[in-house]
Amino acid sequence: MMEARLGPPVEFVVDWMRSGNGWAFVQVSPQRPGGGRIDLSRTTYAMQAEYMDGVSTFALLRYQYDRWNLIDYAVGPTDVFWQGDPLYAQLPPGLVPY
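Keep in mind that this is a model prediction, so the values were computed, not measured.

Undergrad: Quick one: what's the story with the overall build of the chain, residue by residue and with numbers?
TA: If you tally the helices and strands in the chain, you get two helices and four strands. Walking the chain from its N terminus toward its C terminus, one meets helices and strands in the order α-β-β-β-β-α. Across its three principal axes, the chain shows a C-alpha extent of roughly 35 × 30 × 20 Å. Within the chain, the fraction of its 98 residues that count as buried is 34%. Considering only contacts within the chain whose residues lie at least 6 apart along the sequence, 49% involve residues at least 24 apart. Taken as a whole, the chain presents about 6,300 Å² of accessible surface, with 50% of it coming from carbon and sulfur. For the chain, the distance from the average position of its 7 positive side-chain charges to the average position of its 10 negative side-chain charges is 4 Å.

Undergrad: For the sheet that holds strand 2 (residues 23-31), give the residues involved together with the corresponding values.
TA: Strand order in the open sheet formed by four strands is 1-2-3-4, with antiparallel pairing between adjacent strands. The two strands at the open ends of the sheet, each matched to only one other strand, are strand 1 (11-20) and strand 4 (67-75). The sheet shows a mean angle of 25° between the axes of neighbouring strands, taken without regard to direction. As paired strands, strand 3 (residues 57-64) and strand 4 are joined by eight bridges and run antiparallel to one another. Counterpart to Thr-57 in the pairing with strand 4 is Val-75.

Undergrad: Outline the environment of Ala-89, listing residues and values.
TA: Mapping Ala-89 onto the fold places it in helix 2 (residues 86-89). For Ala-89, a relative accessible area of 65% gives the class exposed. Along the primary structure Ala-89 and Pro-33 are separated by 56 residues, whereas in three dimensions their C-alpha atoms are 35 Å apart.

Rules and cut-offs
- Residues numbered from 1 in each chain as written.
- Predicted model: local features only at pLDDT ≥ 70, side-chain atom pairs only at ≥ 80, totals over all residues.
- Heavy atoms only, no water.
- Helix = DSSP H or I, 4+ residues; strand = E, 2+ residues; numbered from the N terminus.
- Buried < 20%, exposed > 50% of the residue type's maximum accessible area, 1.4 Å probe, protein only.
- Contact = heavy atoms within 4.5 Å.
- Areas by Shrake-Rupley, 256 points an atom, 1.4 Å probe, with all protein chains shown as cover.
- Lys, Arg positive; Asp, Glu negative; His and termini not counted.
- Charge placed at Lys NZ, Arg CZ, Asp CG, Glu CD.
- Pairing = 2+ DSSP bridges.
- Axes fitted to C-alpha atoms, helices over the stretch in contact; angles between N-to-C directions.

Here it is in structure tokens:
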């Protein structure tokens, strides 16, 4: 998913992660292999880059069918996008950071 938006190759540094009851919420920093910076002006986010908080990415995953599945994600959010969202209201308490 991220390579389609940012261009390949992409690797992630896990900044923060919590899991419980088959759910996981993570904050990751996408980068090029070896720590190279991703230039948003060369991605599908080029027109939105000035309104984003870099490439910091949050993702909600659910463990189903013997694997982790991506349920929702946000790249470069400038607020706590999950607050007030009914999807996030069904998560175990303490899974999201705020």
